[in-house]
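Report on the structure
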Amino acid sequence: MESTRQKKVSRLIQKELAEIFLKKGNELAPGKLISITKARISPDLSYAKIYISVFPTVNQDQILHSIQEHSSKIRFELGHKVRTQLRIVPEIQFFIDDSLDYIDKIDKLLKT
């Protein structure tokens, strides 16, 4: 169960990372649309799991690897954006959010 503080921080991180990926997403994955679907933060606010969705879904693993390689730069930019709201910028780890693929698969199964 997330505390109110965790929810507020995760919403803040999700919003700011979405802005970063809107501006710099073309450098990490040319021709792809990267969106932040969820942000989960640890109880001590030092670790964040970021779930991303990539459209089109071709080569998602390569894009995830590229984002993970640049995670220190992304965290640095996040730190500049949230420096007045957070004392410590959490370590970030990126994961592919496959919930849309799962929904599509269930939808196809129901139609047959």
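Preceding this paragraph is the structure being described.
This one's a predicted model, so the numbers in the text were calculated from it and none came from an experiment.

**Description of the side chain of Ser53**
- Along the polypeptide, Ser53 turns up in strand E2 (residues 47–55).
- Given the relative accessible area of 11%, Ser53 is considered buried.
- Every residue in contact with Ser53, bar those within four places of it in the chain, is listed here: Leu33, Ile34, Ser35, Thr37 and Leu100.

**Examining unusual backbone geometry**
- Residue Phe55 is joined to Pro56 through a cis peptide bond whose omega torsion reads -10 degrees.
- The residue Pro56 is located in the loop between E2 and helix H2 (60–69) in this model.
- Positive phi outside glycine occurs at Asn59, with the angle close to 60 degrees.

**Considering the sheet that holds strand E3 (residues 91–96)**
- Strand order across the open sheet formed by 3 strands is E1-E2-E3, with mixed pairing between neighbours. Each edge of the open sheet carries a strand with a single partner, namely strand E1 (33–41) and E3. Across the sheet, the mean angle separating the axes of adjacent strands is 30 degrees when strand polarity is ignored.
- As paired strands, E2 and E3 are joined by 6 bridges and run parallel to one another. The partner of Lys49 across the bridge, within E3, is Gln93.
- In the packing of H2 onto the sheet, the strands contacted are E1, E2 and E3, and the crossing angle to E3 comes to about 175 degrees.

Quick notes on the rules
- Residues numbered from 1 in each chain as written.
- Predicted model: local features only at pLDDT ≥ 70, side-chain atom pairs only at ≥ 80, totals over all residues.
- Heavy atoms only, no water.
- Helix = DSSP H or I, 4+ residues; strand = E, 2+ residues; numbered from the N terminus.
- Buried < 20%, exposed > 50% of the residue type's maximum accessible area, 1.4 Å probe, protein only.
- Contact = heavy atoms within 4.5 Å.
- Pairing = 2+ DSSP bridges.
- Axes fitted to C-alpha atoms, helices over the stretch in contact; angles between N-to-C directions.

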